[in-house]
Amino acid sequence: MISVALRPKNDVYKTLRCDFVIKSMTTSGAGVTGAGKQTISMSGDMFIPGLDTDKSCFGFIGTSKDAMKDTARRLGAGFASNDEDESDDTQL
């Protein structure tokens, strides 16, 4: 697990925090004892408590944005969007 926090330079925006479950990791470049640069690449999935449980199986009728808001509410997570388009893309 790795935790990432992105802190803005001003007080207009809030700090964004996410946890990720590391699925794989690779290294390249000089070894641990070498004097050169070494690159470590990690890949993983964002950790959302409760997402992989049975309670995440449900049906929903509404727009895709409404479905995302409802899913966030069910999981006790926040929802933010900078998409002001209120398109009528009703999902069944």
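Scroll up to find the structure this text is about.
Note that this is a predicted model, so its numbers are computed, not measured.

Caption draft 1: Structural view of the overall build of the chain. Along the backbone of the chain there are 1 helix and 3 strands. Considering only residue pairs separated by 6 or more positions, the chain has 31% of its internal contacts joining residues 24 or more positions apart. Here the chain displays about 8,000 Å² of accessible surface, and carbon together with sulfur accounts for 53% of that area.

Caption draft 2: Structural detail: a nonpolar patch on the surface. A cluster of nonpolar side chains, contributed by Ile2, Val4, Leu6, Leu16, Ile22, Met25, Ile40 and Met42, occupies part of the molecular surface with about 700 Å² of accessible area. Among the secondary structure elements, those contributing two or more residues to the nonpolar patch are strand 1 (2–6), strand 2 (16–29) and strand 3 (38–46). Looking at where Leu6 falls in the secondary structure, it is placed in strand 1.

Caption draft 3: Representation of the pattern of salt bridges. Applying the stated rule across the entire model yields 3 salt bridges. In this structure, Arg74 and Asp70 form a salt bridge, with 2.8 Å as the shortest nitrogen-oxygen distance. With a gap of 4 residues between them, Arg74 and Asp70 both fall in helix 1 (residues 64–75), about one helical turn apart. Under the relative-accessibility criterion, Asp70 is labelled buried at 12%.

Caption draft 4: Geometry of the environment of Ala77. One can find Ala77 in the segment after helix 1. Exposure remark for Ala77: the relative accessible area of 39% places this residue in the partly exposed category.

Caption draft 5: Structural context of the sheet that holds strand 1. With antiparallel pairing, the 3 strands of this open sheet are ordered in space as 1-2-3. Two strands close off the open sheet at either side, each with one partner strand: strand 1 and strand 3. Along the sheet, successive strands turn relative to each other by an average axial angle of 50°, direction set aside. Pairing between strand 1 and strand 2: 5 bridges, direction antiparallel. The residue of strand 2 that forms the bridge with Leu6 is Leu16.

Caption draft 6: View of helix 1. Here helix 1 is 12 residues long and its end C-alpha atoms lie 17 Å apart, about the 16 Å a rise of 1.5 Å per residue gives. Those residues of helix 1 not exposed but buried are Lys65, Ala67, Asp70, Ala72 and Leu75.

About the criteria used
Residues numbered from 1 in each chain as written. Predicted model: local features only at pLDDT ≥ 70, side-chain atom pairs only at ≥ 80, totals over all residues. Heavy atoms only, no water. Helix = DSSP H or I, 4+ residues; strand = E, 2+ residues; numbered from the N terminus. Contact = heavy atoms within 4.5 Å. Areas by Shrake-Rupley, 256 points an atom, 1.4 Å probe, with all protein chains shown as cover. Patch = residues over 30% accessible without salt bridge, like charges linked within 9 Å, V, L, I, M, F, W, Y side chains within 5 Å. Salt bridge = Lys/Arg side-chain N within 4 Å of Asp/Glu carboxyl O. Buried < 20%, exposed > 50% of the residue type's maximum accessible area, 1.4 Å probe, protein only. Pairing = 2+ DSSP bridges. Axes fitted to C-alpha atoms, helices over the stretch in contact; angles between N-to-C directions. Expected span 1.5 Å × (residues − 1).

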